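Residue-level structure breakdown
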Amino acid sequence: MKRILVTGATGQIGSELVPALRKKYGGDNVIAAGHRKTPQKDFIEEGLYTTLDVTEIESLEKAFQEYRFDTIFHLSSLLSAVAEENPQAAWKVNMGGLYNVLELSRKYGCAVFSPSSIGAFGPNTPRNNTPQDTIQRPSTIYGVCKVSGELLCDYYFTHYGVDTRGVRYPGLISYKTLPGGGTTDYAVDIFFRAIQEKSYTCFLQKGTYLDMMYMPDAVRAAIELMEADPSQLKHRNAFNITAMSFAPEELTAQIQKYIPGFLMSYQVDPVRQSIADSWPRHMDDSAARDEWSWKPQYSLEDMTKDMIDRLSKKMGGTL
Ligand code: AKB
């Protein structure tokens, strides 16, 4: 990777991946691309920024011609719960955008990182120790797009030699930018509410175990996979990766160590609950560990401590 484009750069992953890439490859070699949102000040000050719509191939091709990058981290996507509200828009952005990225990468010779998700699995996938290669029959449009995306990326690799790689991200937890409309968002929202209001109403029920990961691990995984020796990769799209698996009440107990008066209540959202119930509880990520030495650094305990420290500073004080 010498020169990199990041689509969806103002989103939850992009907001942290762009600075990490710029630190490593230099601000002038990392082009952050957003759609509508006004970018963070540092995005413009510390490197190149452009506006584009991944669903419009002409707009994307202009960026290929203008910036001449060799690698794309393609992050633009609608998350699971918003996708379910508007399946047509989800297909247009998640599949249409990916198709445009792959077609232009074939034409201009670019490598592509495309994130998949635990959402690529479905109700008849084994939920415990979910294997790397297993049944993928998701029941959400988000999942349908993720499986199709994994297959399309593999197709572009085997038929056209496009260097496509991806991971199946679990729920991602971060303090910098909020996720927008995912099923795992409770695990981020809870920290903001715990610090501001000392209470939170969770939309998933007790006992809902899901794979999760702290953002520094997620960012490192994307960079490490794109830097991995291709001769070692038996899988490409997409590797299971995980760092922790917990249910809402276990996260609550961790937060209560720092905010003893924190109160959790539950008001279940049936749509998001049924999505969560169709996803793995805990994935087997041994293929990623074996093929490119993946290893998470943050446990539930480490992540909770870091989130509380950083968020309470960000929100203007100590607890
Ligand atoms: C979502 O909940 O939609 C995402 C995901 C797990 O892909 N965070």
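The structure presented is a predicted model; accordingly, all values stated were derived computationally and were not measured.

What to know about the site of the ligand
Lining the immediate environment of the ligand, one finds Leu-79, Ser-80, Ser-117, Ile-118, Tyr-142, Gly-182, Thr-183, Thr-184 and Trp-279. Taking Ser-80, its side chain carries an N or O atom lying 2.6 Å from an oxygen atom of the ligand. Classifying every residue of the shell around the ligand by side-chain character gives four nonpolar, five polar and no charged. Per-domain counts for the shell around the ligand show at least three residues from each of domain 1 (4-169 + 215-240) and domain 2 (171-212 + 243-282 + 297-314).

As for the environment of Asn-29
Relative to the helices and strands, Asn-29 is located in the loop between helix H1 (14-25) and strand E2 (30-34). Considering only alpha carbons, one finds Asn-29 and Tyr-67, 38 residues apart in sequence, at a separation of 9.0 Å. Apart from residues no more than four positions distant in its own chain, Asn-29 is found in contact with Lys-2, Arg-3 and Ile-4.

Details of the packing of aromatic side chains
One pass over the full model with this rule turns up eleven aromatic pairs. When the ring of Phe-73 is compared with that of Phe-113, the centres are 5.4 Å apart and the planes differ by 40°; the resulting orientation is tilted. Here Phe-73, found in strand E4 (residues 71-74), pairs with Phe-113, found in strand E5 (residues 111-113); they are 40 residues apart in sequence, far enough to count as distant. As far as the burial class goes, Phe-73 and Phe-113 line up, both buried. A cation sits over an aromatic face here: Arg-236 above Phe-157, 3.8 Å from the ring centre.

Focus: the sheet that holds strand E12 (residues 210-214)
Adjacent strands of a sheet form backbone hydrogen bonds with each other and so pair up, either parallel or antiparallel. Strand order in the open sheet formed by three strands is E10-E12-E14, with mixed pairing between adjacent strands. Each edge of the sheet is formed by a strand with only one pairing partner; in this case those strands are strand E10 (171-173) and strand E14 (244-246). The mean angle between the axes of side-by-side strands here comes to 40°, regardless of whether they run parallel or antiparallel. As judged from the three bridges shared by E12 and E14, these two strands associate in the antiparallel manner. Bridging across to E14, Met-212 finds its partner in Met-244. Running at roughly 85° to E12, helix H8 (residues 215-227) makes contact with E10 and E12 of the sheet.

Notes on the domain arrangement of the protein
For the protein, the assigned domains read domain 1 (4-169 + 215-240) and domain 2 (171-212 + 243-282 + 297-314). Using C-alpha coordinates to define each centre, domain 1 is positioned 24 Å away from domain 2. Counting residues at the interface gives 33 residues for domain 1 and 32 residues for domain 2. Carbon and sulfur atoms make up 55% of the area that domain 1 and domain 2 hide from each other, which totals about 2,400 Å². The largest share of the area that domain 1 buries against domain 2 comes from Gln-12, Ile-118 and Arg-127, three residues that together contribute 31% of it. The tally of links between domain 1 and domain 2 comes to zero salt bridges. At the boundary of domain 1 and domain 2, one finds 18 residue pairs in polar contact (both at pLDDT 80 or more). Secondary structure elements with two or more residues in the side of domain 1 that touches domain 2: H1, helix H4 (80-85), strand E7 (128-130) and H8. Top contributing element to the side of domain 1 that touches domain 2 by residue count: H8, with five residues. Looking at the side of domain 1 that touches domain 2 residue by residue, the classes come out as 13 nonpolar, 13 polar and seven charged.

The rules we used
- Residues numbered from 1 in each chain as written.
- Predicted model: local features only at pLDDT ≥ 70, side-chain atom pairs only at ≥ 80, totals over all residues.
- Heavy atoms only, no water.
- Near = heavy atom within 4 Å.
- Polar contact = N/O pair within 3.5 Å; in protein donor to acceptor, adjacent residues only side chain to side chain.
- Nonpolar A, V, L, I, M, F, W, Y, C, P; charged D, E, K, R; others polar.
- Domains from an automatic or database assignment.
- Helix = DSSP H or I, 4+ residues; strand = E, 2+ residues; numbered from the N terminus.
- Contact = heavy atoms within 4.5 Å.
- Phe/Tyr/Trp six-rings, centres within 6.5 Å; stacked < 30°, edge-to-face > 60°.
- Buried < 20%, exposed > 50% of the residue type's maximum accessible area, 1.4 Å probe, protein only.
- Lys NZ or Arg CZ within 6 Å of the ring centre and 35° of its normal.
- Pairing = 2+ DSSP bridges.
- Axes fitted to C-alpha atoms, helices over the stretch in contact; angles between N-to-C directions.
- Buried area = accessible area lost by both parts, 1.4 Å probe.
- Salt bridge = Lys/Arg side-chain N within 4 Å of Asp/Glu carboxyl O.

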